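# Architecture at a glance
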Amino acid sequence: MKTRKPVICFDLDGTLVDEHSRIHPRDVEILARPDPPAVFIPCTGRLLPSVRRLFARHGLFSDAPLPFPLVLQNGAALYRPGEDLFAYHAFPPEVRRFFVDLILVTPGVSFLVFTQHETLEYWPTDFSRRLVQRFDLEVQQFTTQNELVFSKVMALSEYPERLAIIARLAARQGIEHSYSLETVLEFTPAGVHKGRGLGELLAGLGLEEHPLLVAGDGGNDLSMFELTPHTFAPLTAPEEIRSRACRVVDVAASGLLEPMLEGCGGFAG
């Protein structure tokens, strides 16, 4: 019987990518292979143009569409290989109105609003601009005058207690939320998260029976951990995440992907 390639799903920021937006040279080499040893699926809160720029800066796929399936915007935007849109989950109109009203009356918190291809910002601060630069986002000013269709919202604040208040308000609306960092709170439509998006994409591509390994470093990655026992976290992840992983990886020393290929059953083939 033909051996099925493992499926390796990984978060970007804080997992494959360090705090200086660098990818380990060993990981770059593995991702660049013409015959990859696994089906790689980046699973991230970023949107497509940001992911393209990240890989292009490392000399990867700058002249062609990304060859991976993609779970973007924490599961709100799913792509087949070649950047072929598979599914897009936007907020319903009443939730979009809730966010517009919330943004207007919350000047102490910066907001990023994600459409399928654009990032819009409201109440920018020096702190939020540093995170925008870290996540390689090209932002425009958010305006409440247009009826935008959007799929993800990020609230950014140096003061976690402010984000906790927003999280409680959103929870009353049934909106999905999770923290990627203590200072970054992310919202997607009800029931939309990385785990659901990954499951949808695996089913759509016929990959459900393949060995599945996932890696992440934040609360928004834990829904992926529920899909498989083969879970990985970087050494730099919070203890809550490391304790949920079957293996902790020193990504700065070895990269992320080779330990994943070698670990949890030797799926590298």
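You'll find the structure just up there.
Residues numbered from 1 in each chain as written. Predicted model: local features only at pLDDT ≥ 70, side-chain atom pairs only at ≥ 80, totals over all residues. Heavy atoms only, no water.

### Concerning the sheet that holds strand β6 (residues 110–114)
Strand order in the open sheet made by the 6 strands is β8-β7-β6-β9-β11-β10, with mixed pairing throughout. The open sheet has two edge strands with one neighbour each: β8 (139–141) and β10 (176–181). The sheet shows a mean angle of 25 degrees between the axes of neighbouring strands, taken without regard to direction. On the sheet, helix α3 (residues 93–104) packs against β6, β7 (119–122), β9 (152–156) and β11 (184–188) and is oriented at approximately 155 degrees with respect to β6. Sheet strands in contact with helix α5 (residues 160–172) are β6, β9, β10 and β11, and its direction is about 15 degrees off that of β11. (Pairing = 2+ DSSP bridges. Helix = DSSP H or I, 4+ residues; strand = E, 2+ residues; numbered from the N terminus. Axes fitted to C-alpha atoms, helices over the stretch in contact; angles between N-to-C directions. Contact = heavy atoms within 4.5 Å.)

### Quick notes on the nonpolar core
Ranked by size, the top nonpolar core spans 31 residues in total, and within it I8, F10, L16, L31, F40, F55 and L257 carry the most contacts. Of all elements in the fold, only β1 (7–10), α1 (25–31), α2 (48–57), β3 (70–72), β4 (77–80), β12 (212–215) and α10 (257–262) reach the threshold of two or more residues within this core. It is α2 that provides the largest number of residues to this core, a total of 4 residues. Each residue touching F55, except ones within four places of it in the same chain, is listed here: L12, L16, I23, L31, P42, L60, F61, L66 and F68. (Core = buried A, V, L, I, M, F, W, Y, C linked by side-chain atoms within 4.5 Å. Buried < 20%, exposed > 50% of the residue type's maximum accessible area, 1.4 Å probe, protein only.)

### Overview of the sheet that holds β3
Pairing in this open sheet of 3 strands is antiparallel, and the strands run β3-β4-β5 from one edge to the other. Unpaired on one side and paired on the other, β3 and β5 (84–88) mark the two borders of the sheet. Strand after strand, the sheet turns through a mean of 20 degrees between neighbouring axes, direction not considered. As defined by bridge partners, β4 adjoins β5 across 4 bridges and the pair is classed as antiparallel. Considered in β5, the bridge of Y79 is made with L85.

### Looking at the packing of aromatic side chains
Throughout the structure, instances matching the rule amount to 11 aromatic pairs. Note on Y122 and W123: the rings are 5.1 Å apart at their centroids and 85 degrees apart in plane angle, and the pair reads as edge-to-face. Measuring from ring centre to ring centre gives 6.0 Å for Y122 and F142, while their planes differ by 80 degrees; the resulting arrangement is edge-to-face. Linking Y122 in strand β7 with F142 in the loop between β8 and β9, this pair joins segments that are 20 residues apart in sequence. Taken together, the aromatic side chains of F91, F98, F99, F150 and F187 make up a single cluster linked through ring pairs. Above the ring of F114, the side-chain terminus of K152 is found at 4.5 Å from the ring centroid. (Phe/Tyr/Trp six-rings, centres within 6.5 Å; stacked < 30°, edge-to-face > 60°. Lys NZ or Arg CZ within 6 Å of the ring centre and 35° of its normal.)

### A word on α5
Compared with an ideal rise of 1.5 Å per residue, which puts 13 residues at 18 Å, α5 spans 19 Å between its outermost C-alpha atoms and is within 8% of the ideal. Against the buried residues of α5 lie α3, β6, β9, β10 and β11. (Expected span 1.5 Å × (residues − 1).)

### Looking at α2
Residues L48, P49, S50, V51, L54 and F55 constitute the buried set of α2. Buried residues along α2 sit in contact with α1, β2 (39–42), β3 and β4. Looking one or two residues beyond α2, the residue adopting positive phi is G59, at roughly 75 degrees.

### Notes on the environment of L212
Relative to the assigned elements, L212 resides in strand β12. L212 gets classed as buried once you look at its relative accessible area, which sits at 11%. A sequence separation of 16 residues divides L212 from T228, and the C-alpha atoms of the two residues are 6.3 Å apart. Leaving out residues up to four positions away in the same chain, L212 has contacts with V7, C9, L198, L202, L227, T228 and H230.

### Re the layout of surface pockets
For the largest pocket, the calculated volume is near 760 Å³. Secondary-structure elements contributing two or more residues to the lining of the largest pocket are β9, β10, α8 (239–242) and α9 (251–254). Looking at the lining of the largest pocket, the element that brings in the most residues is β10, giving 3 residues. In terms of residue class, the lining of the largest pocket is built from 18 nonpolar, 11 polar and 15 charged. Approximately 150 Å³ is the volume found for the second largest pocket. Secondary structure elements with two or more residues in the lining of the second largest pocket: β10, β11 and α7 (222–225). (1 Å grid on protein atoms, 1.4 Å probe; cavity = no way out; pocket = protein on both sides within 12 Å on 5 of 7 lines; lining within 4 Å. Points joined across faces, edges and corners; volume = space filled by probe spheres on them. Nonpolar A, V, L, I, M, F, W, Y, C, P; charged D, E, K, R; others polar.)

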